[in-house]
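Analysis of the macromolecular model
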Amino acid sequence: MLNDDQILQQMPFCLDKTDFPQLGDKYEGKVRDNYTKDGKRMIIVSDRLSAFDRIITMIPFKGQVLNQMAKFWFDQTKDIVGNHVIEFPDPNVVYAKECKPLPVEMVVRGYLTGVTSTSVWTHYKEGGRNFCGNELPEEMKWNQKFDTPIITPSTKAAHGDHDESVAPDVLFERTDLTPEQFEHLSDVALKLFARGQEISAKQGIILVDTKYEFGMTPDGEIVLIDEIHTPDSSRFWYMDEYEKRFEAEEEQKKIDKEYLRRWLADEGFTGDGDVPIVPDEVRAETAKRYITAYELITGNRFESEVGDVHVRLEQNLSKYF
Ligand SMILES: Nc1ncnc2c1ncn2[C@@H]1O[C@H](COP(=O)(O)OP(=O)(O)O)[C@@H](O)[C@H]1O
Ligand SMILES: [Mg+2]
């Protein structure tokens, strides 16, 4: 774990945005800058933090934490399904095979949870017993574990739009995804999720839910793309607190953006209007939580140095120009 001074010293060096036209055509996501050229994709993970679909602030080392965590999981799951990784040219970067994305986000859920209007829990609480084609048993409680994890596929919204949870039939109507492909993706997604839960459990962490994206390589192989089991794509809870909090119907102890979301909510921000300016203490605390998450989940020490990420990127990426 880096110490508090190192985290504060890194503040002015946060990776806010990148501009490398030499790397190809740019697609700027909320968190990642994607450059494509010659059938390859350079994904630079920035330090931007998004919440409520808005960019809130920059968190020191966050890009590296996310990229290293995805690296860990790609490695731990490559026997289940191939992935897009070619190499990691920099702590914040993955160089990947450019694939044709399949038009679905495979969301896997191990627990009946959520708070937003579109969450499974809200649907259930209001009497819904079928979610995206899954029959939900009666008498379930908030944050209860499903007997077996369920898949709730979601459409991939165009840039800036919200994704929508749908039943598989709707996917087949709206996209060119076939039922056979969906079967295959479901099988793979459940295996990935089981592996994720198994490894997390050894570290005392519950992988609650997550989403996977898949793509087709030019050779026609279906591989895992995007990211895997990061705090941006997944929910994690602390195992030792689970039972007690479940019985008391309290919020679970979470490893994710919850700390910053809570701070924002306390400031009166829930997605609309001006984003409040996040003080350095809050950004530093958020950084510590991301780093702790990395160390807890992977069991590895987080290695980094204070310094200008832009300069390091220039050095590490110039050979791809
Ligand atoms: N290897 C890949 N080949 C093709 N597309 C990819 C690959 N990896 C990720 N993508 C896609 O690129 C997009 C990256 O967007 P992202 O950086 O996550 O920003 P946002 O989700 O905020 O739009 C996603 O739609 C993802 O499916
Ligand atoms: Mg994304």
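Quick note: structure is the one above.
Our subject in this report is the structure included herewith. A quick note: this is a predicted structure, and the numbers were derived from the prediction, not measured. (Residues numbered from 1 in each chain as written. Chains lettered and ligands numbered in written order. Predicted model: local features only at pLDDT ≥ 70, side-chain atom pairs only at ≥ 80, totals over all residues. Heavy atoms only, no water.)

**Looking at the packing of aromatic side chains**
The test is simple: Two aromatic rings, drawn from Phe, Tyr or Trp (for Trp, its six-membered ring), form a pair once their centres lie within 6.5 Å of each other, and the interplanar angle then sorts them: stacked below 30 degrees, edge-to-face above 60, tilted otherwise. Secondary structure elements are defined from DSSP: runs of H or I of at least 4 residues count as helices, runs of E of at least 2 residues count as strands, and each element is numbered from the N terminus. Each residue is placed in one exposure class: buried if its accessible area under a 1.4 Å probe, protein chains only, is under 20% of its type's maximum, exposed if it is over 50%, and partly exposed if it falls in between.
One pass over the structure, following the stated rule, counts 13 aromatic pairs. With centroids separated by 4.8 Å and ring planes inclined at 55 degrees, the aromatic side chains of Y95 and Y320 adopt a geometry described as tilted. Separated by 225 residues along the polypeptide, Y95 in strand β7 (residues 93–97) and Y320 in the segment after α9 (309–317) bring together distant segments of the chain. Y95 sits in the buried class, given a relative accessible area of 16%. Of the residues examined, Y320 reaches a relative accessible area of 11% and is grouped as buried. Here the aromatic rings of W237 and Y242 are separated by 5.9 Å at their centres, their planes lie at 15 degrees, and the arrangement is stacked.

**Some points on α9**
Inclusion rule: This arc is taken over the directions from the axis of the helix to the C-beta atoms. What makes two residues a contact is simply this: any of their non-hydrogen atoms within 4.5 Å. Polar contacts, as used here, are pairs of N or O atoms within 3.5 Å; protein pairs need one atom able to donate a hydrogen and one able to accept it. Residues neighboring in sequence count only if both atoms are side-chain atoms.
Listed in full, the buried residues belonging to α9 are V309, L313 and L317. One side of α9 carries all its buried residues, which in axial view fall inside an arc of 50 degrees. Lining the buried residues of α9 we find α1 (4–10), β3 (40–45), β6 (85–90) and β7. Near the N-terminus of α9, the side chain that reaches the backbone nitrogen of H310, with its oxygen 2.9 Å away, is that of D308.

**Describing the nonpolar core**
Across soluble globular proteins, nonpolar side chains show a tendency to be buried alongside one another. Condition: By nonpolar core is meant a set of buried Ala, Val, Leu, Ile, Met, Phe, Trp, Tyr and Cys residues that side-chain atoms within 4.5 Å join together.
Judged by nonpolar contacts, the single largest core of 60 residues is most densely connected at I56, M106, L185, Y212, F214 and L224. No other element matches the eight residues that helix α8 (residues 280–298) contributes to this core. The contacts of M106, once residues within four sequence positions are left out, are I151, F182, L185, S186, A189, T210, K211, Y212 and F214. L23, M42, V309 and Y320 belong to the second-largest nonpolar core, a separate cluster that totals 12 residues.

**Here we look at the layout of surface pockets**
Put simply, the test is: Only protein atoms enter the calculation, which uses a 1 Å grid: trapped sets of points that fit a 1.4 Å probe without letting it out are cavities, open sets showing protein on both sides within 12 Å along at least five of seven lines are pockets, and any residue with an atom within 4 Å of a point is a lining residue. Grid points are joined across faces, edges and corners, and a volume is the space filled by probe spheres set on the points. Note that Gly is not counted as nonpolar here; it falls among the polar residues with everything else outside the nonpolar set of Ala, Val, Leu, Ile, Met, Phe, Trp, Tyr, Cys and Pro and the charged set of Asp, Glu, Lys and Arg.
The computed volume of the second largest pocket comes to approximately 420 Å³. Around the second largest pocket sit 21 residues that line it, and K254, I255, E258, Y259 and R289 are the ones nearest its centre. The set of elements that each furnish at least two residues to the lining of the second largest pocket consists of α7 (258–266) and α8. The element contributing the most residues to the lining of the second largest pocket is α8, with eight residues. Of the residues that constitute the lining of the second largest pocket, the class distribution is eight nonpolar, three polar and 10 charged.

**Considerations on the packing of helix α2 (residues 62–77) against α8**
The following threshold applies: Fitted lines through C-alpha atoms give the axes, limited to the stretch in contact for helices. The angle between two N-to-C directions lies from 0 to 180 degrees. Note that the term roughly parallel is reserved for angles under 35 degrees, roughly antiparallel for angles over 145, roughly perpendicular for angles of 65 to 115, and oblique for everything else. Here a crossing is called left-handed whenever its near helix is offset anticlockwise from the far helix by less than a right angle, and right-handed whenever the offset is clockwise.
Contact geometry for α2 and α8: axes closest at 9 Å, N-to-C directions at 15 degrees. Put simply, α2 runs roughly parallel to α8. Regarding α2 and α8, the two cross each other, and that crossing is left-handed. Counting all contacts with α2, which are made through K62, V65, L66, Q68, M69, F72 and W73, the residues of α8 involved are Y290, I291, A293, Y294, I297 and T298.

**Examining the side chain of N67**
Along the chain, N67 turns up in helix α2. Overall, N67 belongs to the buried group, its relative accessible area being 3%. Look past the residues within four positions of N67 in its chain and what remains in contact with it is V45, F88, D90, P91, N92, V93 and V94.

**Re empty space enclosed by the protein**
Across all of its chains, the model carries two cavities of 30 Å³ or more by this definition. Together, 13 residues line the largest cavity, and R32, V45, N67, A70 and E227 are the ones closest to its centre. Of all the secondary structure elements, the ones that give two or more residues to the lining of the largest cavity are β3 and α2. Examining the composition of the lining of the largest cavity, we find that four residues originate from one element, α2, more than from any other. Partitioned by chemical class, the residues of the lining of the largest cavity number seven nonpolar, three polar and three charged. Estimates place the volume of the second largest cavity at around 50 Å³. Taken together, Q10, D47, F61, Q64, N92, S304, E305, G307, V309 and R312 form the lining of the second largest cavity.

**Some remarks on the site of ligand 1**
The line we're drawing: Residues are counted as near a molecule or strand when any one of their heavy atoms sits within 4 Å of it. Here the Shrake-Rupley method, with its probe set to 1.4 Å, supplies the accessible areas, and only the displayed protein chains count as covering residues.
If you check the shell around ligand 1, you find 16 residues, and the closest are Y27, K30, R32, H84 and E213. Between ligand 1 and R41 there is a distance of 2.9 Å, counted from an oxygen atom to a side-chain nitrogen or oxygen. Contact with the protein chains hides 84% of the accessible area of ligand 1, taken as 560 Å² for the molecule alone. Listed by contribution, the elements that provide at least two residues to the shell around ligand 1 are β2 (32–37) and β3. Of the residues assigned to the shell around ligand 1, the class counts are five nonpolar, three polar and eight charged.

**Structural notes on the environment of P21**
You can see P21 is positioned in the loop between α1 and β1 (25–28). By relative accessible area, which is 58% here, P21 ends up exposed. Separated by 300 residues in sequence, P21 and F321 have C-alpha atoms that sit 8.6 Å apart.

Everything listed here is a matter of coordinates, which is why it stays silent on function.
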